Amino acid sequence: VMAFGVLLGFGLVAFIRVGDEADVYRGFFLNALFAPPGCLIRWKLSVLNGKVKGKWAWFPLGTFLANMGASIISALMKGIS
């Protein structure tokens, strides 16, 4: 309940404030919004680590996919704003 209140507070401040500081608060809000699902997705994708056979057995595929997905989402969010 408290986490929801903090998220709601950041959201309200992020979208009500105008000026240079608004971008900072908007970034806080989006980080707080996307961090929990991102952690769960990374955890679920970690089962793919070590599944690649052969020469690439050392490659952490699940972590790579999570990072690439997060980078794409981050770039899209920056492009939209």
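What counts, and where the lines are drawn
- Residues numbered from 1 in each chain as written.
- Predicted model: local features only at pLDDT ≥ 70, side-chain atom pairs only at ≥ 80, totals over all residues.
- Heavy atoms only, no water.
- Helix = DSSP H or I, 4+ residues; strand = E, 2+ residues; numbered from the N terminus.
- Contact = heavy atoms within 4.5 Å.
- Areas by Shrake-Rupley, 256 points an atom, 1.4 Å probe, with all protein chains shown as cover.
- Patch = residues over 30% accessible without salt bridge, like charges linked within 9 Å, V, L, I, M, F, W, Y side chains within 5 Å.
- Salt bridge = Lys/Arg side-chain N within 4 Å of Asp/Glu carboxyl O.
- Phe/Tyr/Trp six-rings, centres within 6.5 Å; stacked < 30°, edge-to-face > 60°.
- pLDDT = per-residue confidence, 0-100.

1. Here we look at the overall build of the protein chain
Within the protein chain, the regular secondary structure consists of three helices and zero strands. Ordered by position from the N terminus, the helices and strands of the protein chain form the series α-α-α. For the protein chain, the proportion of contacts with a sequence separation of at least 24, taken over those separated by at least 6, is 18%. Within the structure as shown, the protein chain displays about 6500 Å² of accessible surface, and the carbon and sulfur contribution to it stands at 74%.

2. Observations regarding a nonpolar patch on the surface
Taken together, the side chains of Leu33, Phe34, Ile73 and Met77 make up a nonpolar region of the molecular surface, amounting to roughly 330 Å² of accessible area. Here Leu33 is to be found in helix α2 (residues 20-45).

3. Brief notes about the packing of aromatic side chains
In this structure the tally under the stated criterion is four aromatic pairs. A connected cluster of aromatic rings, assembled from ring pairs, spans Trp56, Trp58, Phe59 and Phe64.

4. Here's the deal with the confidence of the model for the protein chain
Of all residues in the protein chain, 85% have pLDDT values of 70 or greater, and the mean over the chain is 82. Averaged pLDDT values over the elements of the protein chain bottom out at 72 in helix α1 (residues 2-16) and peak at 89 in helix α3 (residues 61-80).

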